[in-house]
Structures are given as C-alpha cells and as structure tokens.
Amino acid sequence: MNKGVRKEPSMVKQKELIANHFTRLSKARALGKKVVYTFVPGNLTELLAAFDVLPVLPEINALQSGMRKLSARYIAEAERAGHSEDVCTYVKCDIGMGMTGNVGPTGEPLPEPDLLLLSYTGCFVFMKWFELLRERYKCPVAMLHVPYQGEGVVTPEMTAYVVEQLKTEVIPKLEAVTGRRYDEARLRAALALSAKAEDDFVWVLDSAKNRPSPIDAYFGGVYYIGPIFTAFRGTAEGADYYATLRREVEERLAAGESPLTPEGQMGREKYRLVVEGPPNWTSFREFWKMFYDEGAVVVASTYTKVGGLYDQGFRHNPERPLETLAEYCMGCYTNLNLPSRTALIEKYVRDFHADGFLFNSVKSCNSFSAGQLLMLREIEKRTGVPGGFIESDLVDPRYFSEANIKNRIESYLQMIEQKRRGTTEFREQSAESPAVSRRERNGEPDGDGGRTPPIPPKHGGFREPT
Amino acid sequence: MTLAAVIAEIEKLYFDIDLDAVAAWKARTHQKAIGTLPVYVPREIVTAAEMLPVGLMGAGAQIEIIRGDAYFQSYICQLPRSTIELALTKRLAVLDGFLFPSTCDVIRNLSGMWQLLFPDTFVRYLDLPQASGAVAARYHRRDLEKLARELGDLSGHPVTNASLASAIARHNKNRAVLDRIYELRAKAPWTFPTREVYLLLRAANLLDVDDHTRLVERYIAAATRENRPVRDHTRVVVVGAFCEQPPLELIQTLEAAGCYIVDDDWVLGPRWLQGPVAPGADALQALANAYLAQSVASPLKFEPGIRKGDALVETVRARRAEGVIFCAPSFCDPALLEQPMLEAALARAGIPSTAFKYAENLGQFQVIREQAGTFSDSIRLWGAA
Amino acid sequence: MKGFVGIDLGSTTTKAIIADADGIVLGRGITNSRSNYQHAAAISTEEARIEARFAMLRRALLQAGGANELHEKLFVALQHRFRLEQNIAQLDRLAELAVAETHAATFHAHNGRFTTRVAEIFSEMRRRALSPLAPARPSEFFRDDAISQFSTLAIAGADAAISFETLMGIFDKAIVAIEGERLDLTFEGHIHRSIEAVANSFGRNAAAELSRAAEAALAEPLEINATICTGYGRQRLPFPKEQIRSEILCHGQGAHALFPDTRTVLDIGGQDTKAIQVDENGIVTSFQMNDRCAAGCGRYLGYIADEMSLGIHELGPLADTSTRRVKITSTCTVFAGAELRDRLTLGQKREDILAGMHRAMVLRSMALLARSGGIRNEFTFTGGVAKNVAAVRALRALVAENYGERTINISPDSIYTGALGAALFAVRT
C-alpha cells in the first residue's frame, strides 16, 4: 500500500458539486427556488432542471447521515415514535432527521418540499416513505408509477404509460408548483449534456476490465455515481466532472496504477470481484478497508446501476425527451426482475474476468435482498465462480458486525486463493490425505476403510509410531 | 347442511396443504388451476378461462421449513419461505401456473425466483397500477387483456367478453355473501365466532367460486339457527394481517382473551373490491375500473387525496368497534410502515389501539393473550386503553 | 523432529495440535480460553507438546523392550503421576499466592487467623490430591477442581470471625494471579520427579527403564517449525497475519483429514454455525455462516439450560428420553426461555419440549446446509453440539428425511477439527 494519500482534481470537484448543492438547498427559500423531493432510481433530474426546481433526495440524506455517524440517533428517534425495528432504516433515518430539525450536511435545515415526486421505481417502500412525508408536510404528491420489468423487457405499452403519466400528472403538477410552462427545448438541452456525461461515465466503468483495474467500481464507484445519480445529470458541471474523471482514469490506466483508496494507492491486485447490493454506510471506510487490505478490487457492481444501466447501452436521447425519461426510469437496476439481475451479474463476472462475486445483503432493502440467495446459487452454477455472502445494513450500525463481516470476507478470499492454488499446491502435497494415510503408505492393513482419525485417544493408546 | 358439517368441511380445507381439494376439482372438471399469491388478483379472469384460482397463503405452522429458509435471510417474512417449501416438496405440483401481484418487494421478487426455479411453469407478475384516472385505466385494461389472452392460451378456453362478464357476476355474488357475513358478524359476533368466519374465508382459496358462495350461505343459515351465549367482550377491528396470515390459534386467542372481532383485513383478496363490479359493455374495462375506484383502503395502493387512517376510523365507527388491534407479520414492510400513520389517525379520533407482531408459524400465544386481554379489560373497565 | 502447530482459539476453549512434517498428529492440547488469548494459545501448545513427548517416550519404551503388559501399566502410571505432579506444582503456587494475599492490609485485625486457615485448607487439598484414590485430571481442569475443593473446605472452615465470602475472595484473587503467570508445567520440568514416584511402586528396574526412555525422548529435539492460528478469537490474535487462516478453511481441511471422503461439513459451535462444502482435497468450494441472529447455535441451548437450571451437557440425554416430541417452530434465543415456561405451564413434559427444541435448532442448520449446496455425499458433523446426543439424533433424522441415506461422521475428537486443519496448513507453509 502506497501511504501517500492523493487527492485528484475529480475528487475535489465531486466534493464541491455535492457541497454546493446542499448550500443552494439551504438557501432555496431565500433564492425563491422551489424544492421537489424525489428518489434516485428513476429520478427525473433533467425535467426538474427544466422547471428550475431543486431536488432533494432523501436516500442521499440518509446515507450522508450514515457516513456522518448520525443515523443511529435518527433511527432511535423514529423507533421511539412508533416505527418498527423491522423496516427500512433509510426511511427511519430520514424520519428521525425530520423530527430533529431536518438539518443537512451544511448545518442548516433542508428546505421543506413544495412537491413530492413519487417516481417509485423498483421499491414499494418508496411509496410508504412519501406517504409518511405527505403526512408531515401536507404538500402535493405527483405519483409516477413505473412498471416493473416483470418479463424482463420494456414494452411500447409500458413506455406509453409512463409518458402519459408524465404528461398528465408530473408535468402539470410541476407547472402548478412553479408557475412555469413546460419548456421542452430546455429539457432537450439538458438531455444532450446527460448523454455526454454518460459516455464518459461508461468509459470509466469499463476501464475496470483492465488488469490491474485502475478503479474500484464499488467503493470508488459510489463517489463516481454521485453527480450523475443526483442533481448534476444534464448540467455542464456534471459533464465536466465526468470528463475530468475520465482523463484521470486514462492516466492511471496508462501508468498501470491500481485504484486509489482513502489510504493511498492500493497494493497489488490479488482478487477481482463483482459486488451486488448497496454498501453499508455507517462503517463505509472500515468495510472498504477489508477489501483493499487483502488486495481485493471490485471490478463491477450492481449498486452503481441503481440510477441507470448506462453500461448496457442506455443513453438519454434529446430527440425523444419524454420517451427517453420513461425508458430511463424503467431501465434502472432496481426495476429489473430477478432473472435479468442474475444474467447481468453473470455477464459482469465474465466480462470483467472476476475471481468471485460477493453479495452484500442489506437488512433494510427487501427489493435488493429477497431472492439474493437463489441468484447467488444460480450464478455459481452458470459461471463456476464461487459466490460470497455477507449481511449488513444501509445506515443502522446495529447491523454491521465488523468481526463477523471481516471473518466472512477473509474466509471468502482465502477460499478463492485456496481454490486457485488448490489444483497445483494442494494436490501435489496431499496426493494422499496427509494425516490419515501414513499406514496405508507403509503398506499396513487398513482395517477401517482408511477412515481412522489421525488423532489418538487422549490418554494412552497412541497410534503405532513408525 | 348442519353447522357441524360446514365446520368440518372448512377445517378440512384449512389443513389441506397438499391441495387435495384442488386435485379433486381438476379430476372432476378436467380443467387447470392457477395459484395466486396474496393479496389481490383479478380472479374473475382465471374463472373466465375456466380455471380454478387457488389462493396461496403460506403454510402456517403446518410444515417444517428447511429449504425455504435456505432461500431467505432471517429478516424476511415467513410467507415466501413456506411457499417455496411447499413448492419444493411438490405440494403445489397440482397447479398449472402462478400469478404474483405487486403486493410488496418480497412477493414481487418471489415471482422472479419462480421464473428461475421453475422455468417451464406459467409465471406472471401482475403490476397493478398505482397511478389513477384514465391513463391508469387504459394501461391496466391493456395489461388485463394480455393476462386474459395468456390464461386463455394456457387453458384452451379463450376469455371472451361474455365469459368474463359471467365470471364477474359469479364473483359479485361471492363478494355479496362475504359482505353479508361481515355485516352479520358485526351485529352479532357471538353468533358468528371469528374462528368459523376465518375458516370460511380461507375456504375461498380452494373452492370454486360458486361452491364457496353456497357454502357461505349454508353456514349463515346454520349458524343463525344456533343459540350461542352472548359474552361481555370488547368489540375490536384487527388490521395488518392482509398477506401472511396469523396462525389459527392466534385468531382464537384474541377472541378467548375477550375481543369480538367485528372487522379485519385477513384473506383480503376475495374482499378487495368494495361492492359489485358494475357490468359494462367492456368487461375488462369494468374490472380495470373497479380496481382503480373500488379497492379497499390498504397499505398496498396509493390513494391520492385521502388521508391515511380516515378509512380505518370510518370502519371503526361503522362497526361500532371500541378499539383497534394492530396485528402484523414481522418484517412486513407495507403493514409496518403504514402503522404509525394509522395509529396517529386513531389517536386523533380518540380510538384506543394496541399492537403486536406475529409470524405464521408462531407457536406461543401467552404474551398475546395477556396483551389482548389487558387491552379488552381496560376498554371495558375504564372505557379507554 | 520438526513440529507444526495448529491453534484454534474458540470462544470457550482453545485447542492446539502438533503434527510432524507428514501431517501425522504428535500431540494435542486443550485449555479454557481466557481473556488473554496468547496465554491460552501457549498453554494449549504446551499441553500438545507434553503429549508429543509422551508419544516419543512410549516409542522409546517399545523400542527398548517391545510391547508388554508391564510397559503398558508403567506408561499409564507415569502419565497419571505426571498430571499429579503438574497439579501439585500448581496447587503449591496457588497456596503461596493465597497466603500472601492474607497478609494484605484488609485482613490486618485477623490476618494471623486467616493465614493459618488458608494454609490449613491448602494443606488438606494437597493431602487429598496425593491420595491414591484421587483421579488423574489433566491440568485444563485445574481451575474447576481447585474452585470446587476450596469452596467445599471453606464452607466447613468458616466461622464468625472468618467468613466464607472473605475466604473465597482471597482464593479468587490468587486464582486470577496464577492464571496470569507462566508456571513451569513442561514435560522436562516434571518428568523426572514423576519417574521417581512411579519407581516407588514398580521398583528400581522399571524406574531405570523409564528414565532411559525419557532421556531418549528428550534427546530428540522437538522444534516448532511453523504455527498457524485460527478460530473465533483470531480477530484479536497477537499473531502476524501470515500465520492466521480462516476457520472455514481450517475446518474444511481438518474434517477432510479426519474423514477423507467428507464433502460437507457442519460445525455448530457456541457462537456460530458453519456449513462448508469441500472437494476431494479438502479445499473449500463454498460455505455459509449463520447471520447476526444466534438462533440455531450452541448459545440457544445455553439459554435453555440456564432456564432449566441444568448443565448444558445434561440437555441432550434428557431430551433423548422423550417419547412425544413437541413441535417448536421458533429458535429465537431471546424467546427460548419464555417459550419453555409457556409450554411447561401447559403441562408439556420437559424432555418432550427439549426434544422439540433440539430439532428446531438442527432445522436451522439444515437451512444453512441447504444454502451452502446441500449434502451431496459423505457428511461430517463437528463442534461442541456434535457431542449432544439429542442434536445428533435430530440431525440424523433430518438428513435422512431430506437427503436420503448419507454417511454421517462424528469423531469423538471433533473438537480438534479446526486445530488439525490449521496444523496441516502449518505443514504446507
């Protein structure tokens, strides 16, 4: 591990973008800006920008609270108010934050919503979440029902349904809240900028196909997706960030460098992994360290696709503005059925030459977690690559058992290592089972079918020495 | 038919986890059967395709779960585990297809698991609309049309406007008798014990709709003839158990603890649509419109412009209930996320409530008995919990 | 001779194995895991070393005169005496520490009387230990034996001025102190006096023969070439990373060594349950562990034992007497006690409830096994719960119901499985 901690321009830029967004949110009221709350999967950032409204993404607030070690307090607050310990901790973290002043990362309260845009994509909890917020804020809700890819496809009927909802529900409500007319030219311009950023973003994701990979597509990836999944898709700053990021990764690739970690450049790449599921945020650094300390790099992840499957070819298309938004919503990873998700991970394992794939199963998120054990088994069967399984949570520190998770990750990586070397080293050395077959080797009779335990009884009666 | 005979029949059906009744129906009619997961599916279309819709509601505590647990983490509810266990132990082999409605993330993902586990079986995920108005009505009609075509292909009996209209009429009758028994029970809960009403509802899962309607009618007639003692019980509404079902013992425990259950949301599927589906020129559109306009208030469907809990308060008042028991399965996202909003509405209306969780295979009821008993006593003695 | 050590630091016991370069086990040791893992590792390794030395001594005896009845008796007597010598050494040191404790200022008013009383108790313990009727106990039980004897004698020895509580307080301090020390309990340190003592009963010739064999055993150096460590405590181990292996890999390798045809391993320990699949070389191909929830682990039985005021080892035999198993569906450790009480109030029999609970616990493991890939071939059951007859019975029944007839291996030495695997990894480094 190279201990020199390096900050690259893209990191500074990313941090600035996100910080500026929270600053402008805290000033939204003073600036006379309208505020819309919405979710990351299937977010309609370009459309919101066309109405000049600012988005607040409650999942991002929750994960930020998790990383700032505030989530435990917020969750406790929500549970005291009657929320079940069984349910999604993003929701409870957000509710608890709301109950304690809704203070954002800038230290100032986040603005209340003028509209809740419930574009619920692949997660039923989103609906309950905004119903809870509707009770609190008593503001209008625009419901956008995004049909699930139950059969693994998006049909023209599904697209038409979403477009119709945009026209009859979402746009009219945005018009009512902002007092502005829908400006399609502005939307098209934003979509063109989106597509540009998406090209660069996909190039960065694809760079992990190289050995060594210049990026970590999960722990590093969650930083890369920040701008494009939130308020900066379809903006010049967003496009600029991805151009910068791409240049840096190009340089790292040319120099044969491995990914950057919080402790500097990662050491030798020993394991290439595909990861499914969101990360844990309360111990994000510790979690990441468990990987890079062992030389494990994540070459592809599904979590970085919850805001769009750009790497599978989707691009926002300014020629068909509403249709492209509809297809975007329906194409997010969370909206794929289990066979499609399974096939995608299988593809990642092959395309990125992974040594293994790991599921981080989070307690909060049934949308991700229900069925993961079957997916794991199925992918193992199809690829012959071993799968690993760990359990944690999004922002509830009670469900991150560091010792347990470290144990599983290390066991998993050692298993990969043993399997990799097994065919050579182990077979040579244990052509016969070492502890057992000494007698057989010596041609002595083997009275109990070679199954004599190598361990003698505790007192006396030691096995015949040779 | 005597009351004892009806009860024997519905008990047998409740414990029929091998679906012997379905096998018998198939042998008799030479038709196919379609398993439907909770909560709402338009059973009328299955009926119109001359197939038997079979309601699947887990396995209660009747079987040990081994394989099912292998597929689910500990923080996921019990129903999908037992459903997988039933399938992998071939107890669902008599079914020719499966419908998974958009109840929650777990049931939705279960549809994908079915696609992976049983690639040769008819599996359909039914994405019920959350949008409203004409847009949703058009979309839903198109989706139902596709479903009708697929089911018609599967059964060999194409669904026609006429066959669907007739099926709707038959299910309307069934809805009417179920409404009636809920009305009657609310008036005289001692005459219609909860255990019997519940078993009768469960029978709807396995019986042909007309057979079930007749059975309910017979039960009403037989139970009305009984002269059962009136007890000094508290009248409560139970909510939260619309998908994974409470064990029968739990249901009995509530009544034994001094609660007359005057409304509930268990086995909600057959009772999802409120009132009859108005027959129109286009039966598919009628069904689609009914879903949009006549769905029962539940955590599963987004209702624009309605305040959460208003419907519950209205039910409590209409049934002259004195309190509400929240009785939801552990790890049930829709029920548990909805609950704080309902509790707030009850508090605003001054209606007492209590809450606990269960799993379908729960084996101990002492704590619940104590809690329900205390709740009931506190209402009777002091008029509030 | 080159020795290769494997250490398995469990939550309750620490196990060590010394193997030779061919992977043949030379000796084993076990001790209670303490707060100090390094100490526990050292003690169990020393125990294993002693066993290895005895093996060498026995070999020397055999080479000298071939196998005969006298040699067998001599050997058993020597081992017995050696344990006794170790115990006496510990007891004497414990007495010293306890007496020193009575000089503390707290007892000033009565210290003379405390000192005398404590010395009397230890003198009696020493007399009993040296009695020909005293059983030979390996030193892993020293603490348990000392506590039980001291407290019995302290009850008898307490009076108005010298309270039982105070005596026990003195004892507790001494026992904590002795566990922090590295007392010499080695083969080298005690074998000669043991031989002397044995000579008293078997005569001079026997003593001479034993001495020669001991010298021969000691003449061969036993150097530790490599140590590999594994187990529950490994997160906090003072071993460098290269010397640590995952317990999953060690269990897989150990089970393979014990039963080479094993393809599936189930380990139910106090804190966790592991289902492991291995290939024909003992290489792990997949594994599953229980999640955060401790349902289905040994801990579950622990709660039940506490609730019934029984020892954990008594549960299995009691459950095994059941004739009508009660159906238990939940294995939630939190509710185990409540469920038990509920059912007892309902008039259900203890053994029938226990039988149900054992089955419910094993059911959880069956799910984990299924998750890891099922039981395709020969199957090995390890861990503390493998010693529980009722759990084994339930497991056999469930395996047969779900996978048909399968060979199920349970080794009486299964507690050493992880350490054995670690030792075999040490051989390979």
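Computed from a predicted structure; not experimentally measured.

**Student:** I'm lost on the overall build of chain B in this one. Help?
**Tutor:** Each helix and strand in chain B was counted, giving 15 helices and eight strands. Each principal axis of the C-alpha atoms in chain B carries an extent, and together these give about 60 × 45 × 45 Å. Taking the intrachain contacts of chain B between residues at least 6 apart in sequence as the baseline, contacts between residues at least 24 apart amount to 74%. Carbon together with sulfur atoms contributes 53% to the accessible area of chain B, which is approximately 13,200 Å² in total. Distance from the positive charge centre (41 side chains) to the negative charge centre (44 side chains) of chain B: 3 Å.

**Student:** Where do I start with the pairing of strand β2 (residues 13-19) of chain C in this structure?
**Tutor:** Walk down a regular strand and you will see the side chains alternate between the two sheet faces. All names here are of chain C. Within β2, seven of the seven residues are buried, leaving the element largely enclosed by the surrounding structure. Burial along β2 is two-sided: the residues T13, K15, I17 and A19 and T14, A16 and I18 are all buried. Pairing of strand β1 (residues 2-9) with β2 involves six bridges; the strand directions are antiparallel. Across the sheet, the residue bridging to I7 is A16, located in β2. Connecting β1 to the antiparallel partner β2 that follows it, the hairpin turn spans three residues. By the bridge criterion, seven bridges tie β2 to strand β3 (residues 25-32) in an arrangement that is antiparallel. Bridge pairing in β3 places I18 opposite G27. In this structure, the hairpin formed by β2 and β3 is closed by a connection of five residues, where G23 is found at a positive phi of approximately 85 degrees.

**Student:** Just to check I follow, could you spell out the environment of N360 of chain A for this structure?
**Tutor:** Residue and element names in this part refer to chain A. Turning to its location among the elements, N360 is positioned in strand β9 (residues 356-362). Residue classification places N360 among the buried residues on the basis of a relative accessible area of 1%. Among residues more than four places away in sequence, those in contact with N360 are Y218, E276, G277, P278, P279, N280, F287, Q372, I390, E391 and S392.

**Student:** I keep staring at the side chain of T342 of chain A and nothing clicks. Help me out?
**Tutor:** Within the element layout of this structure, T342 of chain A appears in helix α14 (residues 338-351). Excluding residues that lie within four positions of it along the chain, T342 of chain A makes contacts with M375, E378, I379 and R382 of chain A together with L116 of chain B.

**Student:** I would appreciate a short explanation of the pairing of strand β7 (residues 284-289) of chain C in the present structure.
**Tutor:** Residues and elements named next belong to chain C. The buried count for β7 comes to five of six residues, which makes it a mostly enclosed element. With five bridges joining them, strand β6 (residues 273-278) and β7 adopt antiparallel strand pairing. Counterpart to A275 in the pairing with β7 is Q288. Here β6 hands over to β7 after five residues, with G282 in that stretch at a positive phi of 80 degrees.

**Student:** Would you take a moment to explain the pattern of salt bridges for this structure?
**Tutor:** For side chains bearing opposite charge, pairing can occur when the charged atoms are close. Counted according to the given criterion, the structure contains 86 salt bridges over all chains. Taking the shortest distance from any N to any O, the salt bridge between R180 of chain A and D52 of chain A comes out at 3.3 Å. Here R180 of chain A, found in the loop between α8 (156-178) and α9 (184-206), pairs with D52 of chain A, found in the loop between α3 (45-50) and β2 (54-56); they are 128 residues apart in sequence, far enough to count as distant. Owing to a relative accessible area of 37%, R180 of chain A belongs among the partly exposed residues under this scheme. Between E196 of chain B and R228 of chain B there is a salt bridge, with the nearest N and O atoms lying 2.6 Å from each other.

**Student:** Explanation requested: α8 of chain A in the structure shown.
**Tutor:** It helps to recall that an α-helix has 3.6 residues per turn; residues three or four apart then point in one direction. Residue and element names in this part refer to chain A. Taking 1.5 Å of rise per residue, the 23 residues of α8 would be expected to cover 33 Å, and the 31 Å separating its terminal C-alpha atoms lies within 8% of that figure. The principal kink in α8, of about 40 degrees, is found at L166. Where α8 terminates, the next one or two residues include G179, which has phi positive at roughly 75 degrees.

**Student:** How should I be thinking about the sheet that holds strand β3 (residues 115-120) of chain A in this particular structure?
**Tutor:** Hydrogen bonds between backbone groups are what pair the strands of a sheet, and the pairing can be parallel or antiparallel. Residue and element names in this part refer to chain A. Read across the sheet, four strands follow the order β2-β1-β3-β4 without closing on themselves; strand pairing throughout is parallel. Bordering the open sheet on either side are β2 and β4 (141-145), each of which pairs with just one other strand. Between one strand and the next, the sheet's axes are offset by a mean angle of 25 degrees, whatever the strand orientation. Bridge count between strand β1 (residues 35-37) and β3: two bridges; the pairing is parallel. When the sheet's bridge partners are listed, V36 is paired in β3 with L115. Against the sheet, α8 touches β1, β3 and β4, its axis set at about 165 degrees to β4.

**Student:** Any chance you could explain the interface of chain B and chain A here in plain terms?
**Tutor:** You'll often see interface size given as the accessible area lost when the parts meet. At the junction of the two partners, chain B supplies 52 residues and chain A supplies 56 residues. Summed over both sides, the interface of chain B with chain A buries roughly 4,700 Å², with 59% coming from carbon and sulfur. Of all residues in chain B, L116, F302 and L337 of chain B give up the largest surface area on contact with chain A, accounting jointly for 16% of the area buried on that side. Put simply, chain B and chain A have six salt bridges between them. A salt bridge links E151 of chain A to K146 of chain B; its shortest N-O distance comes to 3.2 Å. At the junction of chain B and chain A, the tally comes to 26 residue pairs in polar contact (both at pLDDT 80 or more). For the side of chain B that touches chain A, the secondary-structure elements that each account for two or more residues are α4 (67-71), α6 (105-117), β4 (122-126), α7 (133-155) and α14 (333-349) of chain B. Broken down by element, the side of chain B that touches chain A gets its largest block of residues, nine residues, from α6 of chain B.

**Student:** Looking at this model, I keep getting lost on the sheet that holds β9 of chain A. Mind explaining?
**Tutor:** Residue and element names in this part refer to chain A. Judged by pairing direction, the sheet is parallel, and its four strands sit side by side in the order β8-β7-β9-β10 without closing on themselves. Edge positions in the sheet fall to β8 (296-301) and β10 (387-392), since each of these pairs with one other strand and no more. Taking the axes of each pair of neighbouring strands and ignoring which way they run, one obtains an average angle of 30 degrees across the sheet. Summarising the sheet, β9 and β10 pair through six bridges and their orientation is parallel. Note that in β10 the partner of F359 across the bridge is F389.

**Student:** What am I meant to see in the packing of aromatic side chains here?
**Tutor:** All names here are of chain A. Under the counting rule described, the total for this entry stands at 49 aromatic pairs over all chains. With a centroid separation of 4.9 Å and an interplanar angle of 70 degrees, the aromatic rings of Y218 and F219 are classed as edge-to-face. Given the relative accessible area of 0%, F219 is considered buried. Aromatic side chains F219 and F287 sit 5.5 Å apart centroid to centroid with 85 degrees between the ring planes, which places their arrangement in the edge-to-face category. Of this pair, F219 sits in the loop between α9 and α10 (221-229) while F287 sits in helix α12 (residues 284-292), and the two are 68 residues apart along the sequence. Comparing F219 with F287, the two get one shared label, buried.

**Student:** What exactly am I supposed to notice about the packing of α9 of chain A against α10 of chain A here?
**Tutor:** A pair of packed helices is characterised by two quantities: the angle between their axes and the separation of those axes. All names here are of chain A. Where α9 contacts α10, the axes come no closer than 11 Å and their chain directions differ by 170 degrees. Relative to α10, α9 is oriented roughly antiparallel. Of α10, the residues touching α9 (which contributes A197, E198, F201 and V204) are Y224, I225 and I228. Class assignment of the residues belonging to the contact of α9 with α10 gives a composition of six nonpolar, no polar and one charged.

**Student:** What exactly am I supposed to notice about empty space enclosed by the protein here?
**Tutor:** The gaps left among the atoms become clear once a water-sized probe is rolled over them. All names here are of chain B. Summed over the entire model, instances satisfying the criterion amount to 13 cavities of 30 Å³ or more. Its volume calculated, the largest cavity comes out at about 250 Å³. For the largest cavity, the lining is made up of 21 residues, of which Y14, I17, M57, G58 and R202 are closest to its centre. Split into classes, the residues belonging to the lining of the largest cavity amount to twelve nonpolar, six polar and three charged.

**Student:** I would appreciate a short explanation of the environment of D172 of chain C in the present structure.
**Tutor:** Residue and element names in this part refer to chain C. Its place among the elements puts D172 in helix α5 (residues 164-179). The exposure class assigned to D172 is partly exposed, which follows from its relative accessible area of 40%. The spacing of D172 and N290 is 118 residues in sequence and 37 Å in space, taken between C-alpha atoms.

Analysis parameters
- Residues numbered from 1 in each chain as written.
- Chains lettered and ligands numbered in written order.
- Predicted model: local features only at pLDDT ≥ 70, side-chain atom pairs only at ≥ 80, totals over all residues.
- Heavy atoms only, no water.
- Helix = DSSP H or I, 4+ residues; strand = E, 2+ residues; numbered from the N terminus.
- Contact = heavy atoms within 4.5 Å.
- Areas by Shrake-Rupley, 256 points an atom, 1.4 Å probe, with all protein chains shown as cover.
- Lys, Arg positive; Asp, Glu negative; His and termini not counted.
- Charge placed at Lys NZ, Arg CZ, Asp CG, Glu CD.
- Buried < 20%, exposed > 50% of the residue type's maximum accessible area, 1.4 Å probe, protein only.
- Pairing = 2+ DSSP bridges.
- Salt bridge = Lys/Arg side-chain N within 4 Å of Asp/Glu carboxyl O.
- Expected span 1.5 Å × (residues − 1).
- Bend = angle between axes of the 7 residues up to and from the residue.
- Axes fitted to C-alpha atoms, helices over the stretch in contact; angles between N-to-C directions.
- Buried area = accessible area lost by both parts, 1.4 Å probe.
- Polar contact = N/O pair within 3.5 Å; in protein donor to acceptor, adjacent residues only side chain to side chain.
- Phe/Tyr/Trp six-rings, centres within 6.5 Å; stacked < 30°, edge-to-face > 60°.
- Parallel < 35°, antiparallel > 145°, perpendicular 65-115°, else oblique.
- Nonpolar A, V, L, I, M, F, W, Y, C, P; charged D, E, K, R; others polar.
- 1 Å grid on protein atoms, 1.4 Å probe; cavity = no way out; pocket = protein on both sides within 12 Å on 5 of 7 lines; lining within 4 Å.
- Points joined across faces, edges and corners; volume = space filled by probe spheres on them.

None of the figures reported here should be taken as evidence of function without further support.
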